[in-house]
Amino acid sequence: MRYLMLVCGAPEEWAHVTEAASEREMEGIIAWAEKWIAEGKLDVGGELTPPEQAKTIRLDADGTPQVTDGPYLELKEIIGGISYIVADSLEEALSVAATFPGLATCPSNSVEVRPIIEH
């Protein structure tokens, strides 16, 4: 089964991380990903651009798609990255996600794990 791992946190905290600390964190994340990919427990993932670069699509009253700039909601915490975990159970997926090194960078950092419904 596949699970989506959402990496979340508060951008204002990320802004205070030094460049050297950010580089060390990224090295740790790359090593983490390589380990779990080699074990067949992690699929493609990646870091997301800031929400200011997002585009949101909604249907207007006539049902015509409208594209607007920015995120769909103003939130304190945002999604900063995603990964797909391959595991036999939610408990196994959680044990993989719990080792994500980015959790230690800022107090608000978290990972959310959701089962993916396969159709």
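Quantities reported herein were computed from a predicted structural model and do not represent experimental measurements.

*Asks:* For helix α3 (residues 90-97), give the residues involved together with the corresponding values.
*Replies:* All of the buried residues in α3 are Ala93, Val96 and Ala97. One face of α3 carries all of its buried residues, which in axial projection span an arc of 95°. In this fold, the buried residues of α3 make contact with β1 (2-9), α2 (19-38), β5 (78-86) and β6 (110-115).

*Asks:* Mind laying out the pairing of strand β4 (residues 65-69), listing which residues take part and the relevant values?
*Replies:* Counting buried positions over the five residues of β4 gives zero, only a small fraction of the element. Across five bridges, the pairing between strand β3 (residues 55-59) and β4 is antiparallel. Considered in β4, the bridge of Arg58 is made with Gln66. Linking β3 back to β4 in an antiparallel pair, the connection comprises five residues, with Gly63 at a positive phi of about 85°.

*Asks:* I'd like a description of the sheet that holds β5, backed by residues and values.
*Replies:* Spatially, the four strands line up as an open sheet ordered β2-β5-β1-β6, and their pairing is antiparallel. Only two strands of the sheet have a single partner each, and these edge strands are β2 (42-47) and β6. Averaged over all adjacent pairs, the angle separating strand axes in this sheet is 20°, with direction ignored. Pairing of β1 with β5, which is carried by eight bridges, proceeds in the antiparallel orientation. In the sheet register, Leu4 faces β5, and the bridge partner there is Tyr84. Where α2 meets the sheet, it contacts β1, β2 and β5, and its direction lies at approximately 160° from that of β2. Relative to β6, α3 is tilted by about 155°, and along the sheet it contacts β1, β5 and β6.

*Asks:* Can you explain the environment of Thr56? Please cite residues and give values.
*Replies:* With respect to the helices, strands and loops of the structure, Thr56 is situated in strand β3. Thr56 gets classed as buried once you look at its relative accessible area, which sits at 12%. Once the C-alpha coordinates of Thr56 and Trp14 are considered, the two residues, 42 residues apart in sequence, prove to be 23 Å apart.

*Asks:* Give me the lowdown on α2, citing residues and values where you can.
*Replies:* Taking 1.5 Å of rise per residue, 20 residues should cover 28 Å, and α2 covers 28 Å from first to last C-alpha, within 8% of that figure. Buried within α2 we find Ile29, Trp32, Ala33 and Trp36. Mapping the buried residues of α2 onto a view down its axis gives an arc of 95°, with all of them on the same face. Exposed residues lying more than 90 degrees from the buried face of α2 are Glu19, Arg24, Glu27, Glu34 and Ala38. Turning to α2, the residues buried within the fold contact β1, β2, β5 and α3. Following α2 by one or two positions, Gly40 has its phi on the positive side, about 75°.

Definitions and limits used
- Every chain is numbered independently, its residues counted from 1 as its sequence is written.
- pLDDT decides what is reported in this predicted model: residues at 70 or higher carry local features, side-chain atom pairs at 80 or more are listed and counted, and totals for whole chains, interfaces and linings draw on all residues regardless.
- Values shown for side chains rest on all heavy atoms present in the structure; no hydrogens or waters enter the calculation.
- Think of it in three bands: residues with accessible area under 20% of the maximum for their type are buried, residues over 50% are exposed, and the middle band is partly exposed, with areas taken using a 1.4 Å probe on protein chains only.
- Each helix is a run of DSSP H or I of at least 4 residues and each strand a run of E of at least 2, with the numbering of both proceeding from the N terminus.
- As used here, the arc is the angular range of directions from the helix axis to the C-beta atoms.
- Two residues form a contact once any of their heavy atoms are found within 4.5 Å.
- When DSSP finds at least two bridges between two strands, those strands are taken to pair.
- Convention adopted: a line fitted to C-alpha atoms gives each axis, helices being fitted over their contacting stretch, and angles between N-to-C directions are expressed from 0 to 180 degrees.
- An expected span of 1.5 Å times one less than the residue number is assigned to each helix.

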